[in-house]
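Coordinate inspection notes
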Amino acid sequence: MGEVTRRWPGKLKFAFPNGLRADILDKEVIDALANAGTYLVCIAIETITPRLQQLVEKNLDIEKTCQAITLLSKRNIQVNGFYVAFPHETPEEIKKTIAFAINSRLTLAYFFFVTPQPGTPMYDLAMQENADVTHQMSQIESTRYFTNSWYETAYGYPLLQLVRRANLRFYISPKRGYWILKHLGFLNLWRGFIGFIQILSKS
C-alpha cells in the first residue's frame, strides 16, 4: 500500500468486500490502507464468543477486532460486519454478539442464518444437534437462506424475530444514520432504507 500511495497518490480507490481478518489490522496497516485510497472494508466477525471462535477454528481476537473497527471508522473508511448464529450457540451468546455490533462503530451489519452443508465440519456439528432438521435444511435453495433458519427450526427459538429486533436497534440510531449518509450518500441511504423495510416486512 505504501508503494501505491507513492506512485499514484489520490488516484486509486480500494474496497475489500470479501472480508479482512480484523485482528491483524493495527494502526500502521490501517493508516496505509487509508492513505492508499481504501474506502470500504468488510469484516467477518460471526460471533464474539471465544468457545465458538475455537469451535469453528477461527479464533478471532475480539478485543483487537473492536479496536480495528474503531480505527478504520476514524480514518473515514466504511466498515461492514458479518454475523451468523451457529449450531450449539446459546440465545444469550447470540444476544451478546448483537450487542457488540450495536455498540461498535460499524457502518452496516449483516445478520445471517447458517445453513450447514454436507461434507463440512459445520454439518457434522449440526447433525449432532438435530439430524432431521439438518438434512432437511441442506436441501433448500440458496435463495431462501435469508428466510429459513436452521437455528430456529432445530431449536425452536425465534431467531428471525430476534434478528428483526437487532436490525431495528442497529439502524435506528442518529449516529449510525450519519455514518451511513456520509459513506453512501442520500440516494443510496434511501434505497437501503426501502430494502430494509422490505426485509423487515417479510421476516
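Remember, it's a predicted structure, so these values are computed and weren't measured experimentally. (Residues numbered from 1 in each chain as written. Predicted model: local features only at pLDDT ≥ 70, side-chain atom pairs only at ≥ 80, totals over all residues. Heavy atoms only, no water.)

**Some points on the packing of helix H5 (residues 91–103) against helix H9 (residues 159–171)**
- Across the interface, H5 lies against H9 with an axial gap of 10 Å and an inter-helix angle of 20°. Looking at the two axes, H5 sits roughly parallel to H9. Considering how the two elements wind past one another, H5 and H9 form a crossing that is right-handed. Along its contact with H5, which presents Ile-94, Lys-95, Ile-98, Ala-101 and Ile-102, the element H9 presents Leu-159, Leu-162, Ala-166, Arg-169 and Phe-170.
- Considering only residue class, the contact of H5 with H9 consists of eight nonpolar, no polar and two charged. (Axes fitted to C-alpha atoms, helices over the stretch in contact; angles between N-to-C directions. Helix = DSSP H or I, 4+ residues; strand = E, 2+ residues; numbered from the N terminus. Parallel < 35°, antiparallel > 145°, perpendicular 65-115°, else oblique. Left-handed = near helix turned anticlockwise from the far one by under 90°. Contact = heavy atoms within 4.5 Å. Nonpolar A, V, L, I, M, F, W, Y, C, P; charged D, E, K, R; others polar.)

**With respect to the layout of surface pockets**
- One number sums up the size of the second largest pocket: a volume of about 210 Å³.
- Lining the second largest pocket, in full, are Leu-52, Leu-55, Val-56, Glu-57, Phe-86, Pro-87, Thr-120, Pro-121, Met-122 and Leu-125.
- Counting only elements with at least two residues in the lining of the second largest pocket, the list comes to helix H3 (50–55) and helix H6 (121–129).
- Take the lining of the second largest pocket: its biggest share by element is three residues, from H6. (1 Å grid on protein atoms, 1.4 Å probe; cavity = no way out; pocket = protein on both sides within 12 Å on 5 of 7 lines; lining within 4 Å. Points joined across faces, edges and corners; volume = space filled by probe spheres on them.)

**Here's the deal with empty space enclosed by the protein**
- Tallying each qualifying case throughout the model produces one cavity of 30 Å³ or more.
- Put simply, the largest cavity is a space of about 100 Å³.
- Together, 13 residues line the largest cavity, and Tyr-83, Val-84, Ala-85, Ile-94 and Phe-111 are the ones closest to its centre.
- Of all elements in the fold, only strand S3 (78–85), H5, strand S4 (108–113) and H9 reach the threshold of two or more residues within the lining of the largest cavity.
- Classifying every residue of the lining of the largest cavity gives 10 nonpolar, one polar and two charged.

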